[in-house]
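Analysis of the macromolecular model
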Amino acid sequence: MPCDFGKTELSLADFQEADLPGILAIERASFRHPWSAEAFRAEARNPIARIRVLRHASGRVLGYVVFRLYEQAVHLLNIAVDPACRRRGLGRRLLQEVVREARRHGLPWVVLEVRVSNEPAQRLYEAFGFRRVQRLPAYYGDEDAWLYLYEVPPAEP
Ligand SMILES: CC(C)(COP(=O)(O)OP(=O)(O)OC[C@H]1O[C@@H](n2cnc3c(N)ncnc32)[C@H](O)[C@@H]1OP(=O)(O)O)[C@@H](O)C(=O)NCCC(=O)NCCS
């Protein structure tokens, strides 16, 4: 499906059950080991987890991010954008939302793991300001991960 939209037609909101078909279609198009519907529902029920969904005014899901709020850091668990809508700043917008939430909870760090083969995601994180801090051998069983860290800057005065 084409992806021509204006900024005013986009909204970012909490996950709803009606988002699942759109989310799962993006999952399957994005990952070798996509999350199941139950994995998303479990995070939606988890009191320390958040799922933010980027929707078009038509209701179509364009992207989403899943993260957990721990004592010292936000842990980003999943992020994806509809393949037809990539390179339009939506991934960056989802990361901005994660940072906004970290700041709101006074958390100084955002951490995440990414497959060493996943160059697009690494480019996004580095362009955003994440630092690669450690290689995690066999983190995904079949592949190593890079651990990335982002230091949440203080809010603008
Ligand atoms: C990673 C992902 C979320 C990026 O989403 P996106 O909406 O395309 O990202 P943005 O348009 O906000 O990109 C912001 C910047 O990141 C960098 N970037 C993002 N994708 C890139 C790519 N494929 N190649 C090079 N740089 C890239 C660029 O610097 C880009 O800025 P620019 O377009 O002005 O050059 C998307 O590629 C995706 O859904 N991938 C599959 C799922 C996935 O791998 N998730 C991460 C799991 S850890």
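Refer to the preceding data block for the structure.
For the structure given in this document, a descriptive report is provided here. Remember, it's a predicted structure, so these values are computed and weren't measured experimentally.

What counts, and where the lines are drawn
- Residues numbered from 1 in each chain as written.
- Predicted model: local features only at pLDDT ≥ 70, side-chain atom pairs only at ≥ 80, totals over all residues.
- Heavy atoms only, no water.
- Helix = DSSP H or I, 4+ residues; strand = E, 2+ residues; numbered from the N terminus.
- Polar contact = N/O pair within 3.5 Å; in protein donor to acceptor, adjacent residues only side chain to side chain.
- Contact = heavy atoms within 4.5 Å.
- Axes fitted to C-alpha atoms, helices over the stretch in contact; angles between N-to-C directions.
- Parallel < 35°, antiparallel > 145°, perpendicular 65-115°, else oblique.
- Left-handed = near helix turned anticlockwise from the far one by under 90°.
- Nonpolar A, V, L, I, M, F, W, Y, C, P; charged D, E, K, R; others polar.
- Near = heavy atom within 4 Å.
- Areas by Shrake-Rupley, 256 points an atom, 1.4 Å probe, with all protein chains shown as cover.

Let's shift gears to the side chain of Glu113. Topologically, Glu113 is positioned in strand β5 (residues 109–115). Within the local environment of Glu113, its side chain forms a polar contact with the side chain of His75, the two groups lying 2.9 Å apart. Here Tyr139 takes part through its side chain, which lies 3.2 Å from a polar atom of the side chain of Glu113. If sequence neighbours within four positions are ignored, Glu113 has contacts with His75, Leu136, Tyr139, Tyr140, Ala145, Trp146 and Leu147.

Another point: the packing of helix α1 (residues 20–30) against helix α2 (residues 37–45). Across the interface, α1 lies against α2 with an axial gap of 10 Å and an inter-helix angle of 120°. By the criterion of interaxial angle, the relationship of α1 to α2 is oblique. Every pair of crossing elements has a handedness; the one defined by α1 and α2 is right-handed. Contacts from Leu20, Ile23, Leu24 and Glu27 of α1 reach α2 at Ala37, Phe40 and Arg41. Of the residues belonging to the contact of α1 with α2, the class tally is five nonpolar, no polar and two charged.

The next thing to look at is the site of the ligand. In the vicinity of the ligand, 21 residues are found, and the nearest of them are Ile79, Arg87, Gly89, Arg92 and Asn118. In the environment of the ligand, an oxygen atom lies 3.3 Å from a nitrogen or oxygen atom belonging to the side chain of Arg86. Between the ligand and the protein, one listed contact pairs an oxygen atom with a backbone N or O atom of Gly89 at 2.8 Å. Burial of the ligand by the protein chains amounts to 78% of its free accessible area of 910 Å². Of all the secondary-structure elements, those providing two or more residues to the shell around the ligand are β4 (73–81), α3 (90–104), β5 and α4 (119–128). It is α4 that contributes the most residues to the shell around the ligand, six residues altogether.

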